[in-house]
There are 2 protein chains.
Amino acid sequence: MSNYCIGVDIGGTTVKLGLFTVEGELLDKWEIVTRTENNGEFIIDDISSSILAKLEEKQIDVKEVVGAGMGVPGPVLENGQVTRCVNLGWYDKRPGDELAALVGFPVKVGNDANVATLGEAWKGGAKGFSNVVMLTLGTGVGGGVIIDGKMIAGNRGLAGELGHLTVNLDETESCKCGNKGCLEQYASATGVVRVAKKLMRANGAVKTVRGYWKEFDAAKLIKINETKGLTCKDVYDLAKEGDPLAKEVTEILGRYLGLVLSEMTLMTDPDIFIIGGGVSRAGEFLINSIQYYYDKFLSISKKRAEVRLAELGNDAGIYGAAKLTLN
Amino acid sequence: MSNYCIGVDIGGTTVKLGLFTVEGELLDKWEIVTRTENNGEFIIDDISSSILAKLEEKQIDVKEVVGAGMGVPGPVLENGQVTRCVNLGWYDKRPGDELAALVGFPVKVGNDANVATLGEAWKGGAKGFSNVVMLTLGTGVGGGVIIDGKMIAGNRGLAGELGHLTVNLDETESCKCGNKGCLEQYASATGVVRVAKKLMRANGAVKTVRGYWKEFDAAKLIKINETKGLTCKDVYDLAKEGDPLAKEVTEILGRYLGLVLSEMTLMTDPDIFIIGGGVSRAGEFLINSIQYYYDKFLSISKKRAEVRLAELGNDAGIYGAAKLTLN
């Protein structure tokens, strides 16, 4: 009888693994180092050995495992093909087939942010919903789209790459993708600090998000930056205390995220939005600023999707990967 | 044996009807007047009588009909409920169930723009593709989203309402939805004329889409406008002849549509985009301007979806409605 499934979340420095019951109970989780040398050629072997050792430790027969799922930090086609995964050094690879051949049970693969969305929809903030969009605001901005309970990869594996949505046509600085004005430039942890520093450097009054001009006092933020280096958390902490410059930065982020939520609603109209990643630790303060602009940009409808915080934190990836095998 | 299906496309002034084989051959098409009086209470009766008369004329037994589909000009929930259709006077109605009770075969209902997309995917410009986004640039801007061959209605029936995507955060004029900067304000036939007239009124140099400042000579357009009233077709005809002001208007449209295509690609990554509606008569000239900006905003990927013109014209709605019954 098949009672277990395994979730694997491959990151650039560590691989997270989880052993689950098919009902979604997390029985054990552990990590191994991601060996990226030689174009990441040892990664699949390492994962296979680690899984087989864990099954032996738990005295679980391979026949009792329905399968494993893997989240990969790059675009993955519907058929499981990874065309290009810079962080791991993988090009035109089918990691799922490779792992399946080693462990003896089926393996499915998805983009890590898509897979995390599936995790939140299975056991996290979007539990019970079948049309879910998640935005992960971390060092970068990732996303995932689930429609009718199914993770959408898209024709070129680009579905859910929400960090590179153009939100500001007037931006002069380039995103690392080459475009100017990507969501990631404002809504990632790095982006929040970038926007804050830009305002800190401003000479005189700047045009605020709400449309009026204002000269901000940057003294507090400059002091923090000189003492220990400014972080995204500092900006949100100061904004919550009412510092006008920090508040403007969080308002800029809220506006662009509200814009993106309105766009997703007019495109696929999901049941619920989930906000995760490090920046989401700002909590309800963040959600409120997003909600304000989401409402504003969606004046066509009085009804709109709920916006909730993610609940599974760093475990979303292993949950979602495990769920991949059950679909 | 069930060999036939019927497509119904309800507009504010006429109802278009089509009799099809289940393979998608259009055997006959006709129109009746849309009687919107008394909150549109006669519309379903009229459609039923018209269908039954046509079947009798063609000597087709009701048992030979798989079903009928209806496209409705407003949001339609997945279960076929129309919450609010201003043009027909319908509120909280289940027109599909009502028609089915009268004709004796199943009836499915969808939003008209979504249904037209299904038509183009079945027998038009997107034939053979299962992930399709269509933009209809008419008096307003409508859209439809098909994923895995299925029309997406969304939680509140808002999926595909692409005309109300916010594309310009700096717009000062309001869209009829109450928001400012909706796609419809630039990419509808009305929007093209609006933007042209705004440029015609400009005093001195204006900032162009490409970023430089330019003073446009509005003489040609002003003359046309004073003689017979400026139309969208005039603007495109002049742009094709090289008139700088008219070209700038079409460039603004191309930029915002390119932006929306890049957004859809990063959200659901469709196989193909279809551009229809009256404005699309501008042909390849229009497609080229969209393509330029689509490429620009999608620098994250070298591969992108093809952008094609719609092929079924005003028949897309009846084709798609007929296809609804076969899904």
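Residues numbered from 1 in each chain as written. Chains lettered and ligands numbered in written order. Predicted model: local features only at pLDDT ≥ 70, side-chain atom pairs only at ≥ 80, totals over all residues. Heavy atoms only, no water.

(A) Structural context of the overall build of chain A. Per the secondary structure count, chain A includes 11 helices and 14 strands. Here the C-alpha atoms of chain A give a radius of gyration of 21 Å, agreeing with the 20 Å that 2.2 N^0.38 yields for 327 residues. Projected onto its principal axes, the C-alpha positions of chain A cover 65 × 45 × 35 Å. In chain A, 62% of the contacts between residues at least 6 apart in sequence involve partners at least 24 apart. Within the structure as shown, chain A displays about 13300 Å² of accessible surface, and the carbon and sulfur contribution to it stands at 48%. Taking the average location of the 37 positive side-chain charges in chain A and that of its 42 negative ones, the two points are 6 Å from each other. (Helix = DSSP H or I, 4+ residues; strand = E, 2+ residues; numbered from the N terminus. Rg over C-alpha atoms; globule rule 2.2 N^0.38 Å. Contact = heavy atoms within 4.5 Å. Areas by Shrake-Rupley, 256 points an atom, 1.4 Å probe, with all protein chains shown as cover. Lys, Arg positive; Asp, Glu negative; His and termini not counted. Charge placed at Lys NZ, Arg CZ, Asp CG, Glu CD.)

(B) Fine view of the pattern of salt bridges. Inspection of every chain in the model, using the stated rule, returns 36 salt bridges over all chains. Note that B:Asp148 is salt-bridged to A:Lys150, the shortest N-O span being 2.6 Å. Of this pair, B:Asp148 sits in the loop between β9 (141-147) and β10 (150-151) while A:Lys150 sits in strand β10 (residues 150-151), placing the two residues on different chains. For B:Asp148, a relative accessible area of 44% gives the class partly exposed. On the basis of relative accessible area, A:Lys150 is assigned to the partly exposed category, the value being 32%. When the shortest N-O distance is used, the salt bridge between B:Arg304 and B:Asp295 registers 3.3 Å. On the basis of relative accessible area, B:Asp295 is assigned to the partly exposed category, the value being 32%. (Salt bridge = Lys/Arg side-chain N within 4 Å of Asp/Glu carboxyl O. Buried < 20%, exposed > 50% of the residue type's maximum accessible area, 1.4 Å probe, protein only.)

(C) Structural context of unusual backbone geometry. A positive phi angle is found at A:Asn39, which is not glycine, with a value near 55°. Among the structural elements, A:Asn39 can be located in helix α1 (residues 37-40). The phi torsion at B:Asp269 lies on the positive side, around 50°, for a residue other than glycine. Residue position: B:Asp269 is located in the loop between α9 (244-267) and β13 (272-276). Here B:Asp269 falls in the buried class, since its relative accessible area comes to 0%.

(D) Geometry of the relation of the copies chain B and chain A. When chain B is fitted onto chain A, the two copies agree to an RMSD of 0.1 Å after a turn of 180° and an axial shift of 0.0 Å. A rotation of that kind, with that shift, is consistent with a two-fold axis. The residues that chain B uses at the interface reappear at the interface of chain A in 100% of cases, marking a shared surface. (Least-squares fit on C-alpha atoms with pLDDT ≥ 70 in both.)

(E) Spatial organisation of the environment of B:Gln291. In this structure, B:Gln291 sits in helix α10 (residues 284-297). Residues B:Gln291 and B:Arg304, 13 residues apart in the sequence, show an inter-C-alpha distance of 9.9 Å.

(F) Molecular detail of the sheet that holds strand β2 (residues 14-21) of chain B. All names here are of chain B. Taken together, 5 strands build an open sheet; the order of strands is β3-β2-β1-β4-β7 and the sheet is mixed. Looking at which strands have only one partner, the edges of the open sheet turn out to be β3 (26-33) and β7 (107-111). Each adjacent strand pair in this sheet contributes to an overall mean axis angle of 20°, direction not counted. For strand β1 (residues 4-10) and strand β4 (residues 65-72), the ladder comprises 6 bridges, and the chain directions are parallel. Across the sheet, residue isoleucine 6 finds its bridge partner in β4, namely alanine 68. Together, β4 and β7 form the strand contacts of helix α3 (residues 95-103), whose direction differs from that of β7 by roughly 150°. Sheet strands in contact with helix α11 (residues 316-324) are β1, β2, β3, β4 and β7, and its direction is about 130° off that of β1. (Pairing = 2+ DSSP bridges. Axes fitted to C-alpha atoms, helices over the stretch in contact; angles between N-to-C directions.)

(G) Region of the structure containing the packing of aromatic side chains. Residues and elements named next belong to chain B. By the definition in use, this model includes 16 aromatic pairs over all chains. For the ring pair tyrosine 186 and tyrosine 256, a centre distance of 4.6 Å and an interplane angle of 50° mean the geometry is tilted. In this pair, tyrosine 186 sits in helix α5 (residues 184-187) while tyrosine 256 sits in helix α9, placing the two residues 70 residues apart along the sequence. Like tyrosine 256, tyrosine 186 is buried. Ring plane angle 90° and centroid distance 6.0 Å describe the contact between tyrosine 236 and phenylalanine 285, whose orientation is recorded as edge-to-face. One end of the pair, tyrosine 236, is in helix α8 (residues 232-241); the other, phenylalanine 285, is in helix α10, and 49 residues separate them in sequence. Residue classification places phenylalanine 285 among the partly exposed positions, given a relative accessible area of 27%. (Phe/Tyr/Trp six-rings, centres within 6.5 Å; stacked < 30°, edge-to-face > 60°.)

(H) How the structure looks around helix α9 (residues 244-267) of chain A. Residues and elements named next belong to chain A. Between its first and last C-alpha atoms α9 spans 34 Å; for 24 residues at 1.5 Å apiece the expected length is 34 Å, and the two agree. Most of α9 is tucked away, with 22 of its 24 residues classed as buried. Its side-chain oxygen placed 3.2 Å from the backbone nitrogen of leucine 245, aspartate 243 serves as the N-cap of α9. Of the residues one or two after α9, aspartate 269 is the one with positive phi, at around 50°. (Expected span 1.5 Å × (residues − 1). Polar contact = N/O pair within 3.5 Å; in protein donor to acceptor, adjacent residues only side chain to side chain.)

(I) Expanded view of the side chain of B:Asp271. Secondary-structure assignment places B:Asp271 in the loop between α9 and β13. The buried charged residue B:Asp271 lacks any salt bridge partner; its closest oppositely charged side chain belongs to A:Arg156, at an N-O distance of 5.6 Å. Reaching out from B:Asp271, the side chain makes a polar contact with the backbone nitrogen of B:Ser130 at a distance of 3.5 Å. With near-sequence residues (within four places) excluded, B:Asp271 lies in contact with A:Asn155, A:Arg156, B:Phe129, B:Ser130, B:Asn131, B:Ala305 and B:Glu306.

(J) Spatial organisation of helix α6 (residues 189-201) of chain A. Residue and element names in this part refer to chain A. The end-to-end C-alpha distance of α6 is 19 Å, a good match for the 18 Å that 13 residues give at a rise of 1.5 Å each. Taken together, the buried positions of α6 are occupied by Gly191, Val192, Val193, Arg194, Val195, Ala196, Leu199 and Met200. The elements touched by buried residues of α6 are α5 (184-187), β11 (206-207), α7 (219-228), α8 (232-241) and α9.

(K) Just the sheet that holds strand β13 (residues 272-276) of chain A, in detail. Residue and element names in this part refer to chain A. Strands sit in the order β10-β9-β8-β13-β14 across an open sheet of 5 strands; the sheet is mixed. Because the sheet does not close on itself, it has two edges, and the strands there are β10 and β14 (306-309). Examined bridge by bridge, strand β8 (residues 132-137) and strand β9 (residues 141-147) share 6 bridges and lie antiparallel to one another. Bridge pairing in β9 links leucine 135 to glycine 143.

(L) Seen up close, the confidence of the model for chain A. Per-residue confidence for chain A gives a mean pLDDT of 95; residues scoring 70 or more make up 100%. Confidence metrics for the complex model read pTM 0.92 and ipTM 0.91. (pLDDT = per-residue confidence, 0-100.)

(M) Broad picture of the interface of chain B and chain A. Opposite the 46 residues of chain B that make contact, chain A presents 46 residues. Summed over both partners, the interface of chain B with chain A buries about 3800 Å², with 58% contributed by carbon and sulfur atoms. Among the residues of chain B in contact with chain A, B:Arg156, B:Leu169 and B:Met267 are the three that bury the most area, contributing 20% of the side total. Scanning the region where chain B abuts chain A turns up 4 salt bridges. Put simply, chain B and chain A have 22 residue pairs in polar contact (both at pLDDT 80 or more) between them. Broken down by secondary-structure element, the contributors of at least two residues to the side of chain B that touches chain A are β9, α9 and α10 of chain B. (Buried area = accessible area lost by both parts, 1.4 Å probe.)

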